[in-house]
Amino acid sequence: MTSIVTGLRDATRLHDGRVSPSSLWHGDPRPSVAVARDSNGAIVRIGGIRDTHGSLLGTVNTAVDTFALEARDIAKSFGAMSVLVSSSLTVKPGKTVALLGPSGCGKTTLLRVLAGLETPDRGDVIVAGRTVSGAGTFVPPEKRNIGLVFQDWALFPHMSVAKNVGYGLTAAERSSGRVAETLAMVDLEELADRMPGKLSGGQQQRVALARALAPRPDVLLLDEPFSNLDHDLRVRVRGDVRRLLQDLGMSAIFVTHDQEEAFVLGDEVAVMRDGVIEQQATPSVLYDAPASAWVAAFVGEANLVGGHIDGNHADTVVGPVPVATFNAPNGEILNATVLLRPEYLMLGNGDEGIVKDVEFYGHDTAYRIVVGETPFLVRAMAAPRFALGDTVSITY
């Protein structure tokens, strides 16, 4: 029997191929939050938009045992090509889930299914406790109360900023000051009359965000909205968006193929591969307790080595590595793939390995070491101590 395990950094790390229940919330018990129901006992609404003073805008409440959004067992094919295969994820009220995966894995298709732009072949989509897609049910996009920010922002070039933001509102909502209120959320109130072509990339992105927020959605979906921005602006804008979503108490799904972006923006990260959600967890749990070797390598640099689990440690080529205690059946020794993150390894004077490459980044140094026939990546928070060709010891 072979499992993937992670070298422990503290007492809650590593598992026998599954995420430890002590370090990952998944399924029951669901988060307990305040109840708001109408006179018939029905849930009023889930979501949350607050103004800059922290006051709720509109009637916005949360309910026990209800996610802001839940996708259950979603499948979608285009002809003979299966794009989504039993994909499931949840979004807790007021939280952001980053949907992370390589290009072509089905992220945007899943987002379009959630928004109602695609009809799934199978599965249920539940928004604020209401089934909007399922057996015999399909609520059109405009009636789902979901906001969507497209990858290219999709602004109307012939409309002013204010008219873009007010496009999806009723006449009564437009005359109520909703547009100005929403532009103030994204610090664009002074640009209300400007045309999109006269705005910077970051300003256009905020207009698209304001347009999605203006109808007061239960959930906001963002499809790689920063991909058209250069790196420095992207970093600044994503930080602004993260703070805004937190301040508004907005539930959101953010699609990205960038692991750093997913970890920065997501309260939880759902990792997708070939149309399947491989694991959904907090960034720290994903990093230290991945559900598979593929997830381990995808969400960070990973040394994956063979080992034998005996009680609370694994015997590896770099010596014993502490892991969560695993009681194998009949006392057998478990063969495992052991995850060793580069920053958890230490180099010293010795002759166990040979330095094959050294890269100094300022904030740390990356060493590529070979021990026997096993390659390792080691990161040290210091200037280079060893040079190419040096022999070293390597320990966990």
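Everything discussed here concerns the structure shown above.
Quick question: what am I supposed to make of the packing of aromatic side chains here?
To describe a pair of aromatic rings, you give the distance between the ring centres and the angle between the ring planes. Tallied over the full model, the rule gives five aromatic pairs. With a centroid separation of 5.4 Å and 40° between ring planes, the pair formed by F226 and F254 is classed as tilted. Taken as a pair, F226 in the loop between β9 (219-223) and α6 (231-248) and F254 in strand β10 (residues 251-256) lie far apart in primary sequence, 28 residues in all. The exposure class assigned to F226 is buried, which follows from its relative accessible area of 1%. For F254, a relative accessible area of 1% puts it in the buried group. When the ring of Y367 is compared with that of F386, the centres are 6.2 Å apart and the planes differ by 70°; the resulting orientation is edge-to-face. Of this pair, Y367 sits in strand β18 (residues 365-371) while F386 sits in the loop between β19 (374-380) and β20 (391-395), and the two are 19 residues apart along the sequence.

Honestly, the environment of A383 in this entry has me stumped. Any pointers?
When you line up the elements, A383 lands in the loop between β19 and β20. C-alpha separation for the pair A383 and T365, spaced 18 residues apart in sequence, amounts to 6.2 Å. Once you skip the residues sitting within four places of it in the chain, A383 turns out to touch F360, T365 and Y367.

Is there a simple way to think about the sheet that holds β20 in this case?
Strand order in the open sheet made by the four strands is β19-β18-β17-β20, with antiparallel pairing throughout. The two strands at the open ends of the sheet, each matched to only one other strand, are β19 and β20. Each strand axis lies, on average, 50° off the axis of its neighbour in the sheet, ignoring direction. When strand β17 (residues 346-360) meets β20, the two strands line up antiparallel, connected through six bridges. The partner of M346 across the bridge, within β20, is T395.

Is there a simple way to think about helix α1 (residues 107-115) in this case?
Since the α-helix packs 3.6 residues into each turn, any two residues three or four apart lie on the same face. Extensive coverage of α1 is indicated by the burial of seven of its nine residues. Those residues of α1 lying buried are K107, T109, L110, L111, V113, L114 and A115. Immediately downstream of α1, the backbone of G116 shows phi near 95°, a positive value.

What am I meant to see in the pairing of β9 here?
Regular strands place side chains that alternate from one sheet face to the opposite one. Buried residues dominate β9, accounting for five of its five residues. Here β9 shows no split at all, with V219, L221 and D223 on one side and L220 and L222 on the other all buried. Relative to β9, strand β8 (residues 146-149) is paired through four bridges, and the arrangement is parallel. When the sheet's bridge partners are listed, I146 is paired in β9 with V219. Relative to β10, β9 runs parallel, the two being bridged by five bridges. What sits directly across from L222, in β10, is F254.

Is there a simple way to think about the nonpolar core in this case?
Across soluble globular proteins, nonpolar side chains have a tendency to be buried as a group. In terms of nonpolar packing, the biggest core is built from 36 residues, with L183, L209 and L220 touching the most fellow members. At the level of elements, α2 (161-165), α4 (178-185), α5 (201-213), β9, α6 and β10 are the ones that each hand at least two residues to this core. Core analysis: the second largest hydrophobic core is formed by 29 residues, A71, L99, A270 and I277 among them.

Reading the values: rules and limits
Per chain, residue numbering runs from 1 following the sequence as it is written. Per-residue local features are limited, in this predicted model, to residues with pLDDT of at least 70; the limit for side-chain atom pairs, both in listing and counting, is 80 or more; totals at the level of whole chains, interfaces and linings are taken over all residues. Note that the side-chain values use all heavy atoms of the structure and ignore hydrogens as well as water. Only Phe, Tyr and Trp rings take part, Trp by its six-membered ring, and two of them pair if their centres are within 6.5 Å. Stacked means planes under 30 degrees apart, edge-to-face means over 60, and tilted covers everything else. Secondary structure is summarised from DSSP: a helix means a run of H or I of at least four residues, a strand means a run of E of at least two, and numbering begins at the N terminus for each. The classification of residues rests on relative accessible area computed with a 1.4 Å probe and restricted to protein chains. Under 20% of the type maximum is buried, over 50% is exposed, and intermediate values are partly exposed. The contact criterion used is simple: two residues touch if any of their non-hydrogen atoms lie within 4.5 Å. Here, a strand pair is defined by DSSP locating no fewer than two bridges between the strands. What counts as an axis is a line fitted to C-alpha atoms, over the stretch in contact for a helix, and the angles between N-to-C directions run from 0 to 180 degrees. Among buried residues, those of type Ala, Val, Leu, Ile, Met, Phe, Trp, Tyr and Cys that are joined through side-chain atoms within 4.5 Å constitute a nonpolar core.

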